[in-house]
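# An overview of the molecular structure
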Amino acid sequence: MGNSRELISKFKLAKFTAIYEVGDEGIYLPEYKGSTLRGAFGQSFKQIGCDCAGAKHNDGCVYSYVFETKPIMNFQVINKSKDIPRPFVFETIYDPRTYFSPGERIYFSFTLYGKAIDYLPYFVVSLQEMGRYGLGKHRRRLYLRQIFQVNVNGDFENLVYDGTKYKIYSDWNYLLGAEIVDHFNFDLNQDNVLIHFISPTRIKSKGNYINTAPSFEELIKAIIRRFSSIIFFHQDLSLQMDYSEFFKSASSVKLEEYKTNWLDWERYSNRQKDRIKLGGIVGKALYAGEVTEFIDWLAIAEWIHVGKNPVFGLGKIKVVQKLN
Ligand SMILES: [Zn+2]
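In this text the structure is predicted, and so the values were computed from the model without any measurement. (Residues numbered from 1 in each chain as written. Predicted model: local features only at pLDDT ≥ 70, side-chain atom pairs only at ≥ 80, totals over all residues.)

A count of helices and strands for the protein gives 9 helices and 17 strands. Compactness check: the protein gives a C-alpha radius of gyration of 20 Å against a globular reference of 20 Å for 324 residues, within 12% of the reference. Overall size of the protein, expressed as C-alpha extent along the three principal axes, is 55 × 40 × 40 Å. Taking all 324 residues of the protein together, 36% fall into the buried category. Restricting the contact set of the protein to residue pairs at least 6 apart, pairs at least 24 apart contribute 74%. (Helix = DSSP H or I, 4+ residues; strand = E, 2+ residues; numbered from the N terminus. Rg over C-alpha atoms; globule rule 2.2 N^0.38 Å. Buried ≥ 20, exposed ≤ 12 C-beta atoms within 10 Å, placed from the backbone. Contact = placed C-beta atoms within 7 Å.)

What follows is the structure in structure tokens.
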């Protein structure tokens, strides 16, 4: 069994929704907004969170912790993945419009993990300044009106930031994995689980992206990879479990039916000065078999996303059941 149950319980996270008002000139944003937001946010955060004078970031640089977390040598012993997860994800509602009128509200959510929760004020100020600098085509402005905490039910709970008063409130608390697992409404008498891939999900298997529904084993592997690296890098905890036994058990759960398609979207990379295609699967997949021991992991996966590029909002899933 290892320490997986204990680590899931101790996992710290906090989700927020930022509400912006579109400025007087309206704003142009691409069809898929996650990457533009993430790019503009990174620039803003660097202005605010990095005061390093040299070519390299200082040890205490908040920007470099959030955006360029350094590899730790022995990590690969427990996890073959070379990717270091950022301690946050963005989540945008899919709205294909590319122009928003003055006064319209634009919502998006972000979730912080582990130590990054302490840096919430940096996120707030960076989000506010991102709007003030302007973003998208012609760098049009957005005004950060409010930030709310999102509770375990997905509802707005506490006001965390009031943009009319420039005030950050401290009357909120982070969530623990234990609450997420307890809150997850699942009938353990059912022997199936239905996964909705809400935003393009990019899961790799044997070096390639899976372009239809992943097998249950591939899905569980992707979740464990992501969780173990988040909690290792951002909460200094190391997941120990019998992986081979667990994955063997996952392989007995079968992909029963699915309806997925590959959705391509492009983002412009400032670093590579080029457009990059970042596709993934969307749709749903029904898995049948002995799923009970995986339910806690699936509950957590809704909050951490699965697969590659989650900072742009990719890999968001919703877990439900098909009632017999
Ligand atoms: Zn720095």
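Still more to cover.
This part takes up the domain arrangement of the protein. Domain parsing of the protein yields domain 1 (4-11 + 177-320) and domain 2 (13-176). Inter-centroid distance (C-alpha atoms) of domain 1 to domain 2 is 22 Å. At the level of elements, helix 1 (4-10), helix 6 (177-183) and helix 7 (216-235) are the ones that each hand at least two residues to the side of domain 1 that touches domain 2. By residue number, the principal contributor to the side of domain 1 that touches domain 2 is helix 7, which donates 10 residues. (Domains from an automatic or database assignment.)

So, on to the nonpolar core. One finds Phe-88, Phe-110, Leu-112, Leu-219 and Ile-223 to be the most contacted residues of the largest nonpolar core, which totals 77 residues. Looking at this core element by element, the count peaks at 11 residues for helix 7. Among the domains, domain 1 (4-11 + 177-320) and domain 2 (13-176) are the pair contributing at least three residues each to this core. With residues up to four places along the chain from it excluded, the contact list for Leu-112 reads Leu-13, Ala-14, Pro-87, Phe-88, Ile-117, Leu-120 and Phe-123. (Core = buried A, V, L, I, M, F, W, Y, C linked by C-beta atoms within 7 Å.)

The subject of this paragraph is the sheet that holds strand 17 (residues 317-320). A sheet is described by the order of its strands in space; here 4 strands give the open sequence 13-16-10-17, paired in antiparallel fashion. A single partner strand is all that each edge strand has here, and the edge strands are strand 13 (254-263) and strand 17. Within the sheet, the average angular offset between the axes of one strand and its neighbour, ignoring direction, is 10°. In terms of strand pairing, strand 13 meets strand 16 (residues 280-288) through 9 bridges, oriented antiparallel. Bridge pairing in strand 16 links Asn-261 to Val-282. Here helix 9 (residues 295-304) sits on the sheet and contacts strand 10 (192-201) and strand 17; the angle it forms with strand 17, its principal contact strand, is near 150°. (Pairing = 2+ DSSP bridges. Axes fitted to C-alpha atoms, helices over the stretch in contact; angles between N-to-C directions.)

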